[in-house]
Every structure is written in structure tokens, then in C-alpha cells.
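An overview of the molecular structure
Chain by chain, the residues run as shown.
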Amino acid sequence: NAGVTQTPKFQVLKTGQSMTLQCAQDMNHEYMSWYRQDPGMGLRLIHYSVGAGITDQGEVPNGYNVSRSTTEDFPLRLLSAAPSQTSVYFCASSYGGGSYEQYFGPGTRLTVT
Amino acid sequence: AQSVTQLDSQVPVFEEAPVELRCNYSSSVSVYLFWYVQYPNQGLQLLLKYLSGSTLVKGINGFEAEFNKSQTSFHLRKPSVHISDTAEYFCAVSETGANNLFFGTGTRLTVIP
């Protein structure tokens, strides 16, 4: 099993550009989520999904869109990048939310200039 | 709503000395509690979790944590640290029955030779 994979590892964007961060898992997990990690702020939940076709907002959803057309994939879209979105982004998956261990991808380091 | 406080942002400790990383949480409902570790340039990995039952929880790499409901704490301990324990440690909480994790701001543990 590859676990949770994320692409790209690094990305530099100019303000106003759009892009999609890819996340895939091969563990047949129902629950997937996106976090951003900023210095001194820990991880904050952006969006999550409890199954294909179902998504919901987390703590910091503004400026991001998600969709879940398959169990395996959960892409995160930045529609118009802003410098405040400079961060490290982690995708995670688990059998369910709550009590289950979340498995994290290696992260995408995004810089918006 | 839940919140998690990790009082120490950085903890330096000499090799083979004991360490305690502190975590306090606030919630109006029952919670699950977790400790995750992040090694440099990697994603997060679960160290241990408390769901119910015994308040002393043992995890990987010799770590353990004790749930104290009256003090709303879930401190992480290791009796003798190694250089390889140098990493960032995150405490996280989830409401029972809910999907999402809320993370603390992290504690950077540095083990000094």
C-alpha cells in the first residue's frame, strides 16, 4: 500500500493564480480531510469528506474548494491564490472520523508571492 | 467547541533524561484524545490515543500518556529519551461521535546529546 500520497511536494504561485493539490489514498478509507499547518498555529482543518459525494467545511474553508467523486481521491482547489494561503498542506484519511487513527500524507509546501 | 492548549512550544532535554509534554483541553462533551508526532519534513504519525477505559495509555517508541478528567489534561511522558525522539509533538482532541480532530499548536522536543 502506498498509503496517502500528495502531489506536488512543492509549489510556488503568484497571487491570483489557481491550482489543485492532489490527494489519493489506497486504503479504502471513507473519511478524508485537508489541513493547513502554519508556524505556531498547529494544524487547522480546511475541508473534510465522510464519503464519496459528501464534503463539508472545517475551521478555515475560505478560499478553498473540494470535491469527492471517488473514495480514493480528494483534491483541494485554490481558486485565486493569496499570500495568506502560503502554508504546508496535509491530506489525511481514516476509516471514520472521531476515534479512528488518521493517516497523513507527506505534505505540500505552497508559497504564494 | 473544543480547544487544545500545549503550554510549552519548545522543550530541550538531555539524552536519557525523562520528559513530559503537557496538554490541556476544554470541551463540554466527552472527548477522544490523541498524540501525534511529526519528524522533520514528514507528515504526522499517531503515537497513542485515549478512547475509554484505563486512563494510562501506552504508545509506540516507549511513550505513554495519562488522561486526567478532573484536570482536563492528557500529558505525554517518556522515562528516557533518545536523539531520535527529536520531533514536533501535537496533542489533538475529537468529540465522541464527531468526525474531526482539533490540534494544539505543537511542542518541539529537542534531545541534546
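Anything mentioned here points back to the structure above.
Per-chain numbering applies: the sequence of each chain, read as written, is numbered from 1 onward. To read the labels, note that chains go from A and ligands from 1, taken in the order they are written. Only residues with pLDDT of 70 or above have their local features reported here, since the model is predicted, and side-chain atom pairs are shown and tallied only from 80 upward, although totals for entire chains, interfaces and linings are computed over all residues. With hydrogens and water stripped out, all remaining heavy atoms of the structure feed into the side-chain values.

**Structural notes on the overall build of chain B**
- Counting from the N terminus, the helices are DSSP H or I runs at least four residues long and the strands are E runs at least two residues long. When you go through chain B residue by residue, the secondary structure sums to 0 helices and 12 strands.
- Ordered by position from N to C terminus, the α and β elements of chain B give β-β-β-β-β-β-β-β-β-β-β-β.
- Throughout, radius of gyration means the C-alpha value; the globule benchmark is 2.2 Å times the number of residues raised to the power 0.38. Its C-alpha atoms give chain B a radius of gyration of 13 Å, near enough to 13 Å, the size a compact globule of 113 residues would have.
- Seen through its principal axes, chain B has C-alpha atoms that stretch 40 × 30 × 20 Å.
- Three exposure classes are used, based on accessible area relative to the maximum for each residue type with a 1.4 Å probe and protein chains only: buried under 20%, partly exposed in between, and exposed over 50%. Out of the 113 residues belonging to chain B, those deemed buried represent 45%.
- Restricting to contacts in chain B with at least 6 residues of sequence separation, those with at least 24 account for 56%.
- For chain B, the exposed surface amounts to about 5,400 Å²; the carbon and sulfur share of it is 49%.
- Each charge class in chain B can be summarised by its mean position, and for the 7 positive and 9 negative side chains these summaries are 5 Å apart. Contacts: residue pairs with any heavy atoms within 4.5 Å of one another. For the area figures, the Shrake-Rupley method with a 1.4 Å probe applies, and any residue is considered shielded solely by the protein chains shown. The sign given to each residue is positive for Lys and Arg and negative for Asp and Glu; His and the chain ends receive no count. Think of each charge as sitting on NZ of Lys, CZ of Arg, CG of Asp or CD of Glu.

**As for the overall build of chain A**
- Secondary structure assignment for chain A yields 0 helices and 11 strands.
- Its helices and strands taken in sequence order, chain A reads β-β-β-β-β-β-β-β-β-β-β from the N to the C terminus.
- For 113 residues, the compact-globule formula gives about 13 Å, and the C-alpha radius of gyration of chain A, at 13 Å, lands near that figure.
- Taken along the three principal axes of its C-alpha coordinates, chain A extends 35 × 30 × 25 Å.
- Considering chain A as a whole, with its 113 residues, one finds that 50% of them fall into the buried category.

**Here we look at the interface of chain A and chain B**
- Each partner contributes to the interface: chain A provides 22 residues, whereas chain B provides 21 residues.
- For salt bridges, the criterion is a side-chain nitrogen of Lys or Arg within 4 Å of an Asp or Glu carboxyl oxygen. Here chain A is connected to chain B by 0 salt bridges.
- Contacts described as polar in this section are N or O atom pairs within 3.5 Å, which, within protein, must combine one atom able to donate a hydrogen with one able to accept it, while residues neighboring in sequence count only if both atoms come from side chains. One can count 3 residue pairs in polar contact (both at pLDDT 80 or more) joining chain A with chain B.
- Only strand S4 (31-38) and strand S5 (42-51) of chain A provide two or more residues apiece to the side of chain A that touches chain B.
- Looking at the side of chain A that touches chain B element by element, the count peaks at 5 residues for S5(A).
- In terms of residue class, the side of chain A that touches chain B is made up of 11 nonpolar, 8 polar and 3 charged. When residue character is reported, Ala, Val, Leu, Ile, Met, Phe, Trp, Tyr, Cys and Pro are called nonpolar, Asp, Glu, Lys and Arg charged, and the others, Gly included, polar.

**Describing the packing of aromatic side chains**
- Any two of the Phe, Tyr and Trp rings considered here, Trp counted by its six-membered ring, make a pair once their centres fall within 6.5 Å; the pair's planes then place it as stacked at under 30 degrees, edge-to-face at over 60, or tilted in between. Counted according to the given criterion, the structure contains 12 aromatic pairs over all chains.
- Residues Phe104(A) and Tyr36(B) carry aromatic rings whose centres are separated by 5.6 Å and whose planes lie at 75 degrees to one another, so their mutual orientation is edge-to-face. With Phe104(A) in strand S10 (residues 103-104) and Tyr36(B) in strand S5 (residues 31-38), this residue pair bridges two chains.
- Under the relative-accessibility criterion, Phe104(A) is labelled buried at 11%.
- Between Tyr36(B) and Phe103(B), the aromatic rings sit 5.9 Å apart at their centres with planes inclined by 55 degrees, giving tilted as the arrangement. Here Tyr36(B) is found in strand S5, whereas its partner Phe103(B) is found in strand S11 (residues 102-103), with 67 residues between them in sequence.

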